[in-house]
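Coordinate inspection notes
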There are 2 protein chains.
Amino acid sequence: MERIQTFSFDKLELECGKTLAPVTLAYHTYGKLNPARDNAVFIFHALTGDSQPAGRTCGGARGWWDPLIGPGKVFDTDKFFIICTNVIGGCYGSTGPSSLNPADGKPYGTRFPVVTIRDMVRAQARLLAYYGIERLEIAAGGSMGGMQALEWAVTYPERVGKVIGVGTPGRLSPQAIAYNEVGRQAIMLDPYWRQGDYYGREAPAAGLSVARMVGTITYRSEQSLEMKFGRQRANRNGRLEDPYLGLTDRFDVQSYLQYQGSSLVKRFDPNTYIYLTKAMDLHDLGRGYPSYEKALARIQMPTLMVGISTDVLFPAYQQREIAEVVNSQGGQALYREIDSPHGHDAFLIEFNLVEPLLREFICR
Amino acid sequence: MERIQTFSFDKLELECGKTLAPVTLAYHTYGKLNPARDNAVFIFHALTGDSQPAGRTCGGARGWWDPLIGPGKVFDTDKFFIICTNVIGGCYGSTGPSSLNPADGKPYGTRFPVVTIRDMVRAQARLLAYYGIERLEIAAGGSMGGMQALEWAVTYPERVGKVIGVGTPGRLSPQAIAYNEVGRQAIMLDPYWRQGDYYGREAPAAGLSVARMVGTITYRSEQSLEMKFGRQRANRNGRLEDPYLGLTDRFDVQSYLQYQGSSLVKRFDPNTYIYLTKAMDLHDLGRGYPSYEKALARIQMPTLMVGISTDVLFPAYQQREIAEVVNSQGGQALYREIDSPHGHDAFLIEFNLVEPLLREFICR
C-alpha cells in the first residue's frame, strides 16, 4: 500500500480573485523520479476520485486506474514516476471546504472560495516545482481528470510532453451544467446541509445521495441500465419487492441507484461535491484567451482524445471536436473512440479497450 | 373558456388490490356528441398536464394541445366530440393524494393507493359509459398521454377506432424509471414533505422544484440547451451574474432550470408528482398477458406512433419498435419520426411537424 503524502505551500491566488492560504495537497507517487527528472507522469482524478489511482487502498479496494498503473503496465512504474494529487476543493487530504479556515480555526464550509480546474492545475504545478520537475512526460485523466490534463496542456504547453483525455470536454456543455445543478440543489435542499455548516454534526447524506443518483444515471447509458436491470424487481433480503403494490416497493434499478447514493455518502463530503461540480461547470479552456480555438492552438504536443460511444455526459463528439480543432491549427491530436455500452463510466471500466489505445499512443 | 366538469362514481378496484372510493374525474369536452355516439375522441394529458388541452384557461394561457383542437383543426370540434380527463392520482380536480380520504375526512397524502396507467384508463371507461359511448373514434396522447392511449388500445381493443401515441413507450425503460426515482427522492428529501402529510401546511416546494429540474433536462435535448443557453451567464435584474466569482452565481441554464422548477411549484401537488411518476414506472402493456408481444397483438386498429429524433426520455426507437411489433402480428401501425432539436417536449412544441402527421393519419 502506497503511503499518502502531503505537500503544503503558503498560498494560491485563485481565479475568483480570492487567495487560498495555506494550501495542502495530498498525493501519491508510484515509481522513481530519474536523475534527469524527466520521467514524470501526472494522473488526475475524476469528481469523486482520490489521489490513489493504483495499488490497494486501506479499505482493500483497488485504485481507480489500477489496471493501467504498475510495473509493466501501460503507465509503467519501472519507467515512469507517477504522481496523483487530490484536487484542491477535495475531501481526500487536500485543502477543501472541510479544511479549517485559519481565520477562525473552523471548517470553511461555503466560506471556501470558488475554485476552477485551472486553479487545481496551478496548485499541482507548485508540487512539481517542489520536486524540481520542469516538464511532464505525460498528463492523463478521464472525465474531470481529463479536464485537468487538457488545462495543463493549455496553461503550461511547454511543460507537457503528451496529453491524454478520456471522456472529457474542452468546456462544459449546458446540459452537463444542468445535471450538476440538480445535484447541488439536492444537497442544499437537505435540512442537514445548514448552508454548508454541518461539520461535527449530521451531514446532508440524503441530499448527497440524490445528487449521486442523478450523477449515476449520466455515468451509465440507457443500454447498460437496460442490460443490467431491465424491469426486474428489487430483491430485499431475499424477498422480491412488488412495485405494483406499494409506493416504496422498487424496481431493481431504483434499488441500485439508492445503493450508489448511500455508498458515496460514506466516503465523500457533500460540500466538496458542490465545489467540484462547480469547478467542472467553470471548465472552459478558452477562458482568458482571445477564443476557445486560440486556446486549443497552444496544444501542439502529441495528444490523444478518447471518446466513449455511449457517453451521454461528455459525448464522444466533444473529444473528436477537440482533436479536430487542435489539428486544424497544426497540432498532432489523435482521436480514438471505444465502443462500449457502459456510458461515461467506461473510462473506469473498459480497461481492455482503453489500455491498447494508451499503449499505442505512449509507445509510438 | 370551456367549463370544467366532474363525474363521480362509487368505486374503482385498482391493480394494487385496493379500492378507490369514491372516484371523481374532472374533465373537459369540446364539440358535440352526435346522436350515434360514435364521434368521440379521447385526448390524454402528460405528467403535469390537466383536462383542458384546448381553449384559454382561467389563467389566460392556451391549452397544451390547443393548436391541434378546435373548429377546422386536426381534432376538428365541428366533427368530433373531444374528451379529456384529469387522471386519477392527479391534482386538477380528479381524485388524487390531495383529495379527502372518506375514512377520516383528511387528505389521503401517501395513504393514497398506488395507481397505474391501466387504472386511469379503467376510470376513463366509466366516464364513457356514462355518456353511452361504446367506441372511441380516436385515442390520442403524447408522453404519459400516449401511454394511456396505448393502454386503451390493449385493454379495450374493440372500443378504439384509431390510436395515436407521440414520444411514448410500451413499457418504461429502467433509465426513465431512474430519472423518476431521482425526482421522487428529491421531493421526499424536502423536510416540508412530512411523509406526504403537508396539506394545510407549507408544501415541499424546493423538493418538487428539484424534481422538475431533472425532469426538464430529460424533456429537452443537449442540442436544444446548447442552442438556447450555451455558456451564457444568467441575468438577474439586468446584472450579469459571474459564476466564476460566487458559489451561487449562475450560468443561464441554471437560472432557466430553477425557473422551471419554481414555476411548477405554483401549480402542482408534490404528492401527485410522486404518484404519477410511479404510475409511469409501472407502465408495461404486457402486464397480465402471456407476453409483451401478445399484449401488442391486441392492437389491430390503425395506429400511429410518432418518434422524436432527439428524445432522450422515450427515444424514437421505442415508438418504432411498437409499430414493428404490432405489424409483425398483423396490425396496421404507421411509424413516423419528426426531426426536431427540442427533445421529448417536441410533442408540446412542434405542432407544425406533428399536425400534418396526425392529419394524414386521421383523414386517410
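Preceding this section is the structure that the text describes.
Below: a short report on this structure. What you see is a predicted model, and the numbers here were worked out from it, not measured in a lab.

Moving on, we get to helix 2 (residues 144–155) of chain A. All names here are of chain A. The end-to-end C-alpha distance of helix 2 is 16 Å, a good match for the 16 Å that 12 residues give at a rise of 1.5 Å each. The buried count for helix 2 comes to 12 of 12 residues, which makes it a mostly enclosed element. Among the residues of helix 2, those classed as buried are M144, G145, G146, M147, Q148, A149, L150, E151, W152, A153, V154 and T155.

For the rest of this paragraph, the subject is the interface of chain A and chain B. Across the contact, 55 residues belong to chain A and 55 residues belong to chain B. Counting the surface lost from both chain A and chain B, the interface buries some 4800 Å², and carbon and sulfur atoms represent 68% of this. Considering only the surface of chain A that becomes buried against chain B, E222, Y244 and L247 of chain A emerge as the three largest contributors, covering 16% of it. Taken together, the connections running from chain A to chain B amount to 2 salt bridges. By residue number, the principal contributor to the side of chain A that touches chain B is helix 3 (residues 174–189) of chain A, which donates 11 residues. Of the residues in the side of chain A that touches chain B, the class split is 30 nonpolar, 13 polar and 12 charged.

This part is about the sheet that holds strand 16 (residues 333–338) of chain A. Residue and element names in this part refer to chain A. One open sheet accounts for 8 strands, arranged 1-4-8-5-11-12-15-16; its pairing is mixed. On the outer flanks of this sheet lie strand 1 (5–9) and strand 16, each paired with one strand and no other. Here the strands of the sheet are splayed against their neighbours by 20 degrees on average, with no regard to which way each runs. Relative to strand 8 (residues 81–85), strand 5 (residues 40–44) runs parallel, the two being bridged by 3 bridges.

Another point: the side chain of R159 of chain B. Residues and elements named next belong to chain B. Along the chain, R159 turns up in the loop between helix 2 (144–155) and strand 12 (160–166). Lacking a salt bridge, the buried R159 has E158 as its closest oppositely charged neighbour, with an N-O distance of 5.2 Å. There is a polar contact of 3.4 Å between the side chain of R159 and the backbone oxygen of I133. Setting aside its immediate chain neighbours within four residues, R159 contacts A125, L128, I133, E134, R135 and L136.

On inspection of all chains with the given rule, the structure shows 38 salt bridges over all chains. The closest approach of N and O atoms between D119 of chain A and R122 of chain A, which form a salt bridge, is 4.0 Å. With D119 of chain A and R122 of chain A both in helix 1 (residues 117–131) and 3 residues apart, the pair spans about one turn of that helix. Salt-bridge contacts for R336 of chain B lead to E360 of chain B; the nearest nitrogen and oxygen are separated by 3.2 Å. You can see R336 of chain B sitting in strand 16 (residues 333–338) and its partner E360 of chain B sitting in helix 10 (residues 351–363), a full 24 residues away along the chain. For E360 of chain B, a relative accessible area of 36% translates into the label partly exposed. Members of the salt-bridge network, linked through shared partners, are R62, D66 and K73 of chain A.

What counts and what doesn't
Residues numbered from 1 in each chain as written. Chains lettered and ligands numbered in written order. Predicted model: local features only at pLDDT ≥ 70, side-chain atom pairs only at ≥ 80, totals over all residues. Heavy atoms only, no water. Helix = DSSP H or I, 4+ residues; strand = E, 2+ residues; numbered from the N terminus. Expected span 1.5 Å × (residues − 1). Buried < 20%, exposed > 50% of the residue type's maximum accessible area, 1.4 Å probe, protein only. Contact = heavy atoms within 4.5 Å. Buried area = accessible area lost by both parts, 1.4 Å probe. Salt bridge = Lys/Arg side-chain N within 4 Å of Asp/Glu carboxyl O. Nonpolar A, V, L, I, M, F, W, Y, C, P; charged D, E, K, R; others polar. Pairing = 2+ DSSP bridges. Axes fitted to C-alpha atoms, helices over the stretch in contact; angles between N-to-C directions. Lys, Arg positive; Asp, Glu negative; His and termini not counted. Polar contact = N/O pair within 3.5 Å; in protein donor to acceptor, adjacent residues only side chain to side chain.

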